[in-house]
Amino acid sequence: MNREDSPFELVRHPLKVRRLVVARVRDLSPRMRRITLGGPELEGFVSLAPEDHVKLLFPAEGQSEPALPVVDERGEIRPPPGARPIARDYTIRARHADTLDVDFLLHGHGVASSWAARATPGHVLGLAGPRGSRLLRLQPAWQLFVGDETALPEMTRRLEETPSTVQNFVVALVEDASDQAAWPELARPGVETRWVHRAEAGGAGDVAKRLVDIVHAAELPDARDGFAWLAGEASETSAVMRMLMRERGFSRARIHASGHWKRGVVAHDHHEPLS
């Protein structure tokens, strides 16, 4: 899909690296933790779209806080001397007057999850970006969301920013029923949510098939009036996207699909657009 066919308008932002401090920590469910970040360097931070992703910069081994890179006069990031910070991609759950929220999945392994599990007020984190925002040019009459825990922060933010006249259908993949408590926004009027529990769906291939079958059987309005937001594990997201295009009448221009992680790849630290 070329730029002329894209339903998005790209807005660029000046790249800046910020030193942020943990202000609050709140457990949303046994496996989801919301960390509120603030500090004077948050001034001027802009996130115009829920899918904007930033680089969170975590301390390397032996560091109490990350050594942050700098942005040179050409807008390029230059690494700091010594141990470099460890970067992972995240989306912003909410931007407040002087803080922002980031939701972390506590899955028991990985740099980001381990840091979030230990985080307390006063801990320091680096943040770079976002480099830009992709604004949806059209206003769909209805929206379909299919995603797992890595996608639900941006999806619930988009639901909050969607006009009340838009119908919304959500297929949310989580580990089990205890995770549903993290997402009260999915129970509000105008949102029809189908929960899928990974613990009951079987193996990796079974999960993808379950998602595809649910979306295929759903009673949805005309695809020409809607927009689909798909994100999560790359193969599962691709399977849903292919089905929507082949069997539900969606054009590629009416789908935003992103692989937030890949099964079997431990250090996956970027959002991968799918095609």
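Details of the structure are given in the entry above.
A brief look at the structure comes next. The residue count restarts for each chain, going from 1 along the sequence in the order it is written. Per-residue local features of the predicted model are confined to residues with pLDDT of at least 70, and side-chain atom pairs are confined, for both listing and counting, to 80 or more; whole-chain, interface and lining totals are unaffected and use all residues. Side-chain metrics rest on all non-hydrogen atoms present in the structure, leaving aside hydrogens and water.

### Some points on the sheet that holds strand 4 (residues 53–58)
Strand-to-strand pairing in sheets goes through backbone hydrogen bonds, with the strands running parallel or antiparallel.
(1) Moving on: On the basis of which strands lie adjacent, the open sheet formed by seven strands has the order 7-4-10-2-3-9-8 and antiparallel pairing. Bordering the open sheet on either side are strand 7 (86–91) and strand 8 (94–95), each of which pairs with just one other strand.
(2) Moving on: Pairing of strand 3 (residues 32–38) with strand 9 (residues 99–105), which is carried by seven bridges, proceeds in the antiparallel orientation. Across the sheet, residue M32 finds its bridge partner in strand 9, namely L105. DSSP bridges decide pairing: two strands pair if at least two such bridges lie between them. The helix count covers DSSP runs of H or I at least four residues long, the strand count covers runs of E at least two residues long, and both are numbered beginning at the N terminus.

### With respect to the side chain of R158
(1) Moving on: Topologically, R158 is positioned in helix 2 (residues 152–160).
(2) Moving on: Whether two residues touch is decided by their heavy atoms; if any such pair falls within 4.5 Å, the residues are in contact. Not counting the four nearest positions on each side in its chain, R158 is found in contact with A49, P50, E51, Q143, F145 and W229.

### Considering the nonpolar core
(1) Moving on: Among the nonpolar cores identified, the biggest contains 26 residues, and L144, L230 and L244 are the most heavily contacted of them.
(2) Moving on: Looking at this core, the elements that each hand over two or more residues are strand 12 (142–147), strand 13 (167–174), helix 4 (204–217), strand 15 (226–233), helix 5 (234–247) and strand 16 (255–261).
(3) Moving on: Per-element tally for this core: the top contributor is helix 4, with six residues.
(4) Moving on: When neighbours within four sequence positions are excluded, L230 is seen to be in contact with V146, M155, T237, V240, M241, L244, I255, H256, A257 and S258. In plain words, nonpolar cores are sets of buried Ala, Val, Leu, Ile, Met, Phe, Trp, Tyr and Cys residues tied together by side-chain atoms within 4.5 Å. The buried label goes to any residue with under 20% of its type's maximum accessible area, the exposed label to any with over 50%, and the partly exposed label to all in between, with areas taken from a 1.4 Å probe on protein chains only.

### With respect to the pattern of salt bridges
(1) Moving on: Any carboxyl oxygen of Asp or Glu within 4 Å of a side-chain nitrogen of Lys or Arg constitutes a salt bridge here. Per the stated rule, a full pass over the model turns up 19 salt bridges.
(2) Moving on: Of the charged contacts, one joins D72 and R78 as a salt bridge, the two residues approaching to 2.9 Å between their closest N and O atoms.
(3) Moving on: According to the relative accessible area criterion, D72 is buried, its value standing at 16%.
(4) Moving on: Measuring nitrogen to oxygen at the nearest pair gives 2.6 Å for the salt bridge that ties R263 to E236.

### Description of the pairing of strand 9
(1) Moving on: Burial runs high along strand 9: seven of the seven residues are buried.
(2) Moving on: The alternating pattern of strand 9 places T99, D101, D103 and L105 on one face and L100, V102 and F104 on the opposite face, and all of these are buried.
(3) Moving on: Both strand 8 and strand 9 contribute to a ladder of two bridges, which runs antiparallel. From the neighbouring strand, A94 faces strand 9, where its bridge partner is D101.
(4) Moving on: Here strand 8 folds back onto strand 9, and the loop between the two strands holds three residues.

By themselves, these figures tell us nothing about what the structure is for.
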